[in-house]
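Spelled out, the chains give:
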Amino acid sequence: MIEAIDQRLSEWIGSVLAEDIEVSLLPPGHTGDRKIVGLYLKDILASAPTRGSRRPPLQVLLRYLVTAWSKSPQEAHQVLGQLLFAAMEHADYEVDLEPIPAQVWSAFGTFPMPAFMLCLPL
């Protein structure tokens, strides 16, 4: 089930960027000169309960860390900006722009970089 969301997000990224770009599901890290969008599934969160007497459908939220790498920082920033605004316009996506704590980047073994969190229901 989660792999279907991974695939759907990868296809969405390709449609937003209007190009064939590599999407990595691995944790953020240095990728050399390759142009890559990172789509790391960082958290699986409980969905807010719905009101009513009926049993709500089973649902969780998938929370992805979205990053972009390229040989030039300007190109990576452009890719990240396009994805950010496209995600903000998407009805099913929730964008979290809270800064990623330094200890998270340290745990990944990389330097802090521009990123945002993308949440969507499963």
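As shown above, the structure is provided for reference.
Residues numbered from 1 in each chain as written. Predicted model: local features only at pLDDT ≥ 70, side-chain atom pairs only at ≥ 80, totals over all residues. Heavy atoms only, no water.

**Quick notes on the nonpolar core**
Short version of the rule: Here the nonpolar core consists of buried residues drawn from Ala, Val, Leu, Ile, Met, Phe, Trp, Tyr and Cys, with membership extended through side-chain atoms lying within 4.5 Å. In this scheme, a residue with accessible area under 20% of its type's maximum is buried, one over 50% is exposed, and one in between is partly exposed, where area comes from a 1.4 Å probe on protein chains only. Only DSSP runs of H or I covering at least 4 residues are called helices, and only runs of E covering at least 2 are called strands; the numbering of each starts at the N terminus. Whether two residues are in contact is decided by their heavy atoms, any of which lying within 4.5 Å being enough.
Within the largest apolar cluster, 23 residues are counted, with the highest numbers of intra-cluster contacts made by Leu 9, Trp 12, Leu 83 and Leu 118. Considering every element that reaches this core, the biggest residue donor is helix 2 (residues 73–89), with seven residues. Here Trp 12 is in contact with Leu 83, Ala 86, Ala 87, His 90, Tyr 93 and Leu 118, once residues within four sequence places are set aside. Membership of the second largest hydrophobic core comes to nine residues, among which are Ile 36, Leu 65, Trp 105 and Met 113.

**Thoughts on the layout of surface pockets**
The condition is simple: Using protein atoms alone on a 1 Å grid, points that fit a 1.4 Å probe yet trap it form a cavity, whereas open point sets bounded by protein on both sides within 12 Å along at least five of seven lines form a pocket; residues with an atom within 4 Å of a point count as lining. Grid points are joined across faces, edges and corners, and a volume is the space filled by probe spheres set on the points. Under the grouping applied here, Gly and all other residues not named as nonpolar or charged are polar, the nonpolar ones being Ala, Val, Leu, Ile, Met, Phe, Trp, Tyr, Cys and Pro and the charged ones Asp, Glu, Lys and Arg.
Within this model, the largest pocket holds a volume of roughly 280 Å³. As for the largest pocket, its lining consists of 17 residues, and the residues nearest its centre are Ala 68, Trp 69, Ser 70, Ala 76 and Met 113. At the level of secondary structure, the elements contributing two or more residues to the lining of the largest pocket comprise strand 3 (60–69) and helix 2. Tallying contributions element by element places helix 2 first for the lining of the largest pocket, with four residues. Tallied by class, the residues present in the lining of the largest pocket amount to nine nonpolar, six polar and two charged.

Remember that the coordinates give geometry; whether it matters functionally is a separate question.
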